[in-house]
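Structural characterization, general
The residues making up each chain are set out below.
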Amino acid sequence: MLSLFPFPLHLLLLLICFPVFSTNQQSLAPDSSMNRHELETLYKIMESLSADEDWRAAYPNPCQPGSGWTGIECKHSTLDNLLHVTRLDLGTFPNPACKNSATFPPEIFHLPNLDAVFIFQCFTNAPARISIPPNKLPPASPLQQLSLRSNSALIGTIPPQISTLKSLQILTLSQNRLTGPIPVEIFTSSSLLHLDLSYNTLTGTIPPEVGNLGKLVGLDLSYNKLTGAIPPTIGELRILQKLDLSSNLLTGTIPDSIHELQSLVFLALSNNRLHGAFPKGLINLHSLQYFLMDNNPMSVSLPEEFGQLKKLQELRLSNSGYSGTIPSAYSQLLNLSSLSLQNNRLSGTIPDGFTNLSHIYHLNLSRNFLQGVVPFNSTFLKRLGRNLDLSGNSGLCFSPSAAADDVIIGVGVCGNNDRISSKPVKKSEAALLHCSTLLFVSLCFTILSFHHTIYYF
Ligand SMILES: *[C@@H]1O[C@H](CO)[C@@H](O)[C@H](O)[C@H]1NC(C)=O
Ligand SMILES: *[C@@H]1O[C@H](CO)[C@@H](O)[C@H](O)[C@H]1NC(C)=O
Ligand SMILES: *[C@@H]1O[C@H](CO)[C@@H](O)[C@H](O)[C@H]1NC(C)=O
Ligand SMILES: *[C@@H]1O[C@H](CO)[C@@H](O)[C@H](O)[C@H]1NC(C)=O
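What counts, and at which threshold
- Residues numbered from 1 in each chain as written.
- Chains lettered and ligands numbered in written order.
- Predicted model: local features only at pLDDT ≥ 70, side-chain atom pairs only at ≥ 80, totals over all residues.
- Heavy atoms only, no water.
- Disulfide = S-S within 2.5 Å.
- Helix = DSSP H or I, 4+ residues; strand = E, 2+ residues; numbered from the N terminus.
- Buried < 20%, exposed > 50% of the residue type's maximum accessible area, 1.4 Å probe, protein only.
- Salt bridge = Lys/Arg side-chain N within 4 Å of Asp/Glu carboxyl O.
- pLDDT = per-residue confidence, 0-100.
- Contact = heavy atoms within 4.5 Å.

As a further point, take the state of the cysteines. Applying the stated criterion across every chain, the model contains three disulfides. The disulfide that involves cysteine 63 links it to cysteine 74, with 1.9 Å between the sulfurs. As the torsion about the S-S bond is roughly -85°, the cysteine 63-cysteine 74 disulfide counts as left-handed. Taken together, the positions of cysteine 63 in the loop between helix 3 (55–58) and strand 1 (72–77) and cysteine 74 in strand 1 put the pair eleven residues apart, joining distant regions of the chain. Each sulfur in the disulfide pair cysteine 98 and cysteine 122 lies 2.0 Å from the other. Linking cysteine 98 and cysteine 122, the disulfide has an S-S dihedral of approximately -100° and is accordingly described as left-handed. Here cysteine 122 lies in the loop between strand 3 (116–120) and strand 4 (128–129) and cysteine 98 lies in the loop between strand 2 (82–90) and strand 3, a separation of 24 residues in the sequence. The exposure class of cysteine 98 is buried, given its relative accessible area of 14%. Here the bonded cysteines of the chain are numbered in sequence order, and their pairing is 1-2, 3-4, 5-6.

Scanning the model with the defined rule gives seven salt bridges in all. Residue glutamate 47 pairs with arginine 56 through a salt bridge whose shortest N-O separation is 3.4 Å. Through salt bridges with shared partners, one network takes in Glu40, Glu47 and Arg56.

Among the structural elements, serine 338 can be located in strand 17 (residues 338–340). Overall, the relative accessible area of 1% leaves serine 338 in the buried class. Counting along the chain gives 22 residues from serine 338 to isoleucine 360, while the straight-line C-alpha distance between them is 5.7 Å.

Mean pLDDT over the chain: 84, with 81% of residues reaching 70 or higher. The low-confidence segment residues 1–32 (pLDDT under 50) makes 13 contacts with residues lying over four places distant or belonging to another chain. A low-confidence stretch, residues 418–457 stays under pLDDT 50, and its non-local contacts, those more than four residues away or across chains, total 60 contacts.

The following block contains the structure:
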């Protein structure tokens, strides 16, 4: 019995002491808390980027909590009982600032546990290029999020090797100076959830392989110089919630397959060269809240089907050569807060039901051929104030029975030749106008932040 005792006791002691031992190890011998090779890689990354030249001496243990090195996150791994870098954030305060001659550090792809990299406003002086080591040996980079944003000196093409980052879920290369075509290899990154290449100078077409990204929730290719048609394979992105292709040089029609995108909440195609007709299946986009399609030479009539998209909050179809009447079905869009139909060739009357659009506070119907009596009552007019624009429709007028307060600048009273009212705005009215302008600004803000939320979660 006595002979057996020392062994369990030894084990017991080890078990009791282990947690104490392991925490002591970190505080007593901090150098050993990080793999030296990984630490060296991290220093090399900082050498390429950081404006702080003394970091090697100043931060001997950058992963240690309280090391003072901002812009870094580390996690303890139970596999090797070491701290590993999991996130790097560089470029703007409070994160480490970049030096003028910063170059892109391919070493980031060698950090074995790195989940996320954010490099924001870092390469702004000396030209830098994204560089990814060619097909490196396993273990593959575990990187899930790569965000290189607002780097005005980040030039060159998107390297096809980006597809070797097999764990990549979020790729943001927005607001840089990237050129050339979108490498088709990017569309083999099947784990991608969000792809944002907006605000660059990318050229070429949107490859049909885009349809391979079956897990994609957000796709933003806006503000580039992409040409050609929207590939019909876009319909294969079944769980897509945000699609922004605005401000490119896209031609052709909206592909019929768009009706497959039944999770779509935000669709922006503004500022392209798309023409009519609209696909019939538009009616299936029942999750749609934002449809932004200003400035396209559509030159068809407005589709009735929009009236079925009951969740629509913003509908922008200005400056696109639409003719015919405004479908009265649009009065069913009870959640609509903003409707832009200005600068078209719309004729006929404003649907009576519009006065029931109780959430609307921005309505622009200016510069069309609308005529007849404006159907809005005073509640409506007061809510919209200056966010109602009916100007440039020479056939529109106000019922003479409308209260004097309700008369809108740019529209005269029916039967009165002096159509342009120059009545001074009353004080109470001015306050209301001010109020609705504020409301509009705050909506714009909401939309903008929605734009971001949907993208970054
Ligand atoms: C209208 O908007 C409200 C509030 O945003 C929302 O709760 C409601 O579900 C929306 N209605 C429709 C038909 O989408
Ligand atoms: C406005 O809505 C009410 C209630 O749903 C309805 O009775 C009325 O006909 C509508 N007005 C117009 C002009 O469509
Ligand atoms: C204007 O119309 C709306 C919607 O039909 C109604 O709720 C409101 O009471 C009306 N306002 C006036 C002053 O008649
Ligand atoms: C309506 O559209 C016209 C033409 O684009 C623009 O000049 C005007 O400012 C807009 N009005 C409102 C209230 O947004």
